[in-house]
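What follows is the residue order along each chain.
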Amino acid sequence: MKNKRNAGFTLAEVLITLGIIGVVAAMTIPTLIANTNGAKFRSQFKKTLSTLNQAVRSNVAQYDFDFSMVQNCGNKDKDNPENIQSICAMLNGSLVGKYATKYSTLKTIDNKIYFQVVFDGTAPDTLIENKGVELYMYQLSDGSIFAFHSPFEGQSGDVACSLNGRSLEDAFKDTQFQKFCIGYIDVNGTTKPNKEVRCSDGKSHSKDINEKCVVPNSPKFMGDVFPVAYYDMTVVPASAASRYILNSAK
């Protein structure tokens, strides 16, 4: 009988195959991760925005005040809408969550610079920047964060978060509105990337929110931080980038 040769792969063939698999994985895995994170961030932003707007409407129905009538937060988690008309009280009365440290936008939390990517100067048109006032962080039960100003912080006069008959674009040009009525939603909590979402041209387009904008899923543009404006009875996107994300979210 003739000797039969055992069928199989040589070591070189196995190594070449593994090398090809490795190259393909290196090329596709980052894209898959970016697409997954992008879809998660988009849907969570839409969900958080809806949750906040429902909370405001519920507060108006029960306690008859909105963002145009709020006072300073007195004692954050102790604020009760039956006793004080503050954003903290509004959230306490309608949502389940907790407050993180009240902080200045360029200070640190737990010895780590928070949102250093957002404020690194590469997106000079952003409205969520250091304006000399402190922010309050309210973390919802799902982990997302709503960061906002106390509208009277450091002010001697009244500052109402209201359009007062203006368009939103006109309100964005008002320095007082910019300073006290613009915040952000971080859908990922304090977990990285802590980066503001930007259009494909690298800008967030805050003051020109009607600018044509597309946000690719690339980590260079797709972040987990979304500027929002809060006024009267609503919370809305405060940049063309975050508006695009809301309109494209499923």
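Residues numbered from 1 in each chain as written. Predicted model: local features only at pLDDT ≥ 70, side-chain atom pairs only at ≥ 80, totals over all residues. Heavy atoms only, no water.

Draft legend 1. Region of the structure containing the overall build of the protein. Secondary structure assignment for the protein yields five helices and nine strands. Along its sequence from the N terminus, the protein presents helices and strands in the succession α-α-β-β-β-β-β-β-α-α-β-β-β-α. By residue count, 44% of the 250 residues in the protein fall in the buried class. Counting only contacts in the protein whose residues sit at least 6 apart along the sequence, the fraction spanning at least 24 positions is 70%. A total of about 13,100 Å² of accessible surface is found on the protein, and carbon and sulfur atoms cover 53% of it. (Helix = DSSP H or I, 4+ residues; strand = E, 2+ residues; numbered from the N terminus. Buried < 20%, exposed > 50% of the residue type's maximum accessible area, 1.4 Å probe, protein only. Contact = heavy atoms within 4.5 Å. Areas by Shrake-Rupley, 256 points an atom, 1.4 Å probe, with all protein chains shown as cover.)

Draft legend 2. Expanded view of the environment of A249. Within the fold, A249 resides in the segment after α5 (240–248). As a C-alpha pair, A249 and F45 span 204 residues in sequence and 8.4 Å in three-dimensional space. The residues contacting A249, other than those within four sequence positions of it, are R42, S43 and K46.

Draft legend 3. Geometry of the packing of aromatic side chains. What the rule picks out here adds up to eight aromatic pairs. Three or more aromatic residues link up through ring pairs in this structure, and these residues are F67, Y136, F146, F148 and Y230. (Phe/Tyr/Trp six-rings, centres within 6.5 Å; stacked < 30°, edge-to-face > 60°.)

Draft legend 4. Seen up close, unusual backbone geometry. One non-glycine residue, H205, lies in the positive phi region at around 55 degrees. Phi angles above zero are rare outside glycine, and D232 is one such case at about 45 degrees. Within the secondary structure, D232 sits in the loop between β8 (225–231) and β9 (234–237).

Draft legend 5. Just the pattern of salt bridges, in detail. All chains considered together, the criterion is met by four salt bridges. A salt bridge links R166 to D174; the nearest nitrogen and oxygen atoms lie 2.9 Å apart. Taking relative accessible area as the criterion, R166 reaches 27% and is therefore assigned partly exposed. What makes D174 partly exposed here is its relative accessible area of 28%. The partner of D170 in a salt bridge is K173, with the nearest N and O atoms 4.0 Å apart. Since its relative accessible area comes to 57%, K173 is described here as exposed. (Salt bridge = Lys/Arg side-chain N within 4 Å of Asp/Glu carboxyl O.)

Draft legend 6. Region of the structure containing the state of the cysteines. The full count for this structure, using the stated rule, is three disulfides. One disulfide bridge connects C161 with C181, the sulfur atoms lying 2.2 Å from each other. Across the S-S bond linking C161 and C181, the dihedral sits near -95 degrees, which makes this disulfide left-handed. Taken together, the positions of C161 in the loop between β6 (145–149) and α3 (168–172) and C181 in the loop between α4 (175–180) and β7 (182–186) put the pair 20 residues apart, joining distant regions of the chain. The class of C181 is buried, set by a relative accessible area of 0%. Disulfide partner of C199: C213, at an S-S distance of 2.1 Å. Disulfide C199 to C213: torsion about the S-S bond roughly -105 degrees, handedness left-handed. Separated by 14 residues along the polypeptide, C199 in the loop between β7 and β8 and C213 in the loop between β7 and β8 bring together distant segments of the chain. Classification of C213 as buried rests on a relative accessible area of 11%. Here the protein pairs its bonded cysteines, counted in sequence order, in the arrangement 1-2, 3-4, 5-6. (Disulfide = S-S within 2.5 Å.)

Draft legend 7. Up close: the pairing of β9. Strand direction decides the pairing type here: β8 and β9, joined by four bridges, are antiparallel. Looking at the pairing, Y230 lines up with V235 of β9. The loop that links β8 with its antiparallel partner β9 comprises two residues; one of these, D232, has a positive phi angle of about 45 degrees. (Pairing = 2+ DSSP bridges.)

Draft legend 8. Spatial organisation of the pairing of β6. β6 sits mainly inside the fold: five of its five residues count as buried. With burial as the criterion, each face of β6 is covered, one bearing I145, A147 and H149 and the other bearing F146 and F148. Bridge analysis of β6 against β7 gives three bridges, and the strand direction is antiparallel. Across the sheet, the residue bridging to A147 is Y184, located in β7.

Draft legend 9. Spatial organisation of the confidence of the model for the protein. Of all residues in the protein, 74% attain a pLDDT of 70 or more, and the chain-wide mean is 79. This model gives residues 102–123 a pLDDT under 50, and the stretch forms 60 contacts once residues within four places in sequence are excluded. (pLDDT = per-residue confidence, 0-100.)

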